[in-house]
Amino acid sequence: VVLAMNQMVDKLKTLFAEEAARSEKLRAEAYQDSLTGLANRSGLQHRMSEEFERWQRYGGRLLLVVVDVDHFKSINDRFGHLAGDKVLRLIAQQVSRRLRKTDFIGRFGGEEFVILMPGVSPEQGIVALEELRSGIEGTPFHFKSEPVPVTISLGFTEFIRDDSLDSAFDRADKAMYQAKELGRNRVVRAATP
């Protein structure tokens, strides 16, 4: 009887462990963008909330960056959606490769990405983001043997006292649109209110 009970307990432990692993896998998939492998909007919002709460509690520096692929619609129109998908994967790989381990990038939606850079001053941020921008521009991309120019526009801001996630995002987003208006393929720091 004791042996049978021990076997049953072992079997239950195994079943619970398998179920926990399945649950963890589903949770990870719920936060991951299937195209780029980056965090999706839900995963991004979750991490943004965590970083924002950490910043509120401990202070320090935190940059929020909005990235948009330049002329993405024309890439899709000219080369097709498969080319557009490849461009998004390329950007995800290149940005991930060029960021620090403590930085975080997620796909906000469409051709927009958001980066969080904790512990970075705006001056350090502009250097890192300019390297990122020029790295994307310099990465050769071809679709069916035809070169496809790929550039990004970036807007960023530093979290400041009395900020909310929305107010900081709004500033960075406006800075990104300003980068577009100034000719694209550039980094713009948001004006501090």
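Basis of the calculations
- Residues numbered from 1 in each chain as written.
- Predicted model: local features only at pLDDT ≥ 70, side-chain atom pairs only at ≥ 80, totals over all residues.
- Heavy atoms only, no water.
- Helix = DSSP H or I, 4+ residues; strand = E, 2+ residues; numbered from the N terminus.
- Buried < 20%, exposed > 50% of the residue type's maximum accessible area, 1.4 Å probe, protein only.
- Polar contact = N/O pair within 3.5 Å; in protein donor to acceptor, adjacent residues only side chain to side chain.
- Contact = heavy atoms within 4.5 Å.
- Expected span 1.5 Å × (residues − 1).
- Arc of directions from axis to C-beta.

Visitor: Can you help me understand the side chain of Thr 157 in this one?
Guide: One can find Thr 157 in strand 6 (residues 152-158). The exposure class assigned to Thr 157 is buried, which follows from its relative accessible area of 3%. Engagement of the side chain of Thr 157 in a polar contact is seen with the side chain of Arg 171, the distance being 2.9 Å. If sequence neighbours within four positions are ignored, Thr 157 has contacts with Leu 62, Leu 63, Leu 64, Ala 168, Arg 171, Ala 172 and Ala 190.

Visitor: Got a minute to help me understand the environment of Ile 152 in this structure?
Guide: Mapping Ile 152 onto the fold places it in strand 6. A residue is classified by how much of its surface remains accessible, and Ile 152, at 0% relative accessible area, is buried. In the structure, Ile 152 is positioned 88 residues away from Leu 64 in sequence and 16 Å away in space, judged by C-alpha atoms. Dropping the residues within four chain positions of it, Ile 152 is found in contact with Val 67, Asp 68, Val 69, Asp 70, Ile 91, Leu 132, Arg 133, Ile 136, Asn 185 and Arg 186.

Visitor: Help me out: how do you make sense of helix 5 (residues 122-138) in this one?
Guide: Residues spaced three or four apart along an α-helix point in a common direction, a consequence of the helix completing one turn every 3.6 residues. The end-to-end C-alpha distance of helix 5, which contains 17 residues, comes to 24 Å, matching closely the 24 Å that a straight helix rising 1.5 Å per residue would cover. Taken as a whole, helix 5 has its buried residues at Pro 122, Gly 125, Leu 129, Leu 132, Arg 133, Gly 135 and Ile 136. Axial view of helix 5: buried residues confined to an arc of 160°, hence all on one face. Of the residues in helix 5, the exposed ones pointing more than 90 degrees away from the buried face are Glu 131 and Gly 138. In the core, the buried residues of helix 5 are packed alongside strand 1 (62-69), helix 4 (81-98), strand 3 (112-118), strand 6 and strand 7 (187-189).

On their own, these measurements won't tell you what the molecule is for.
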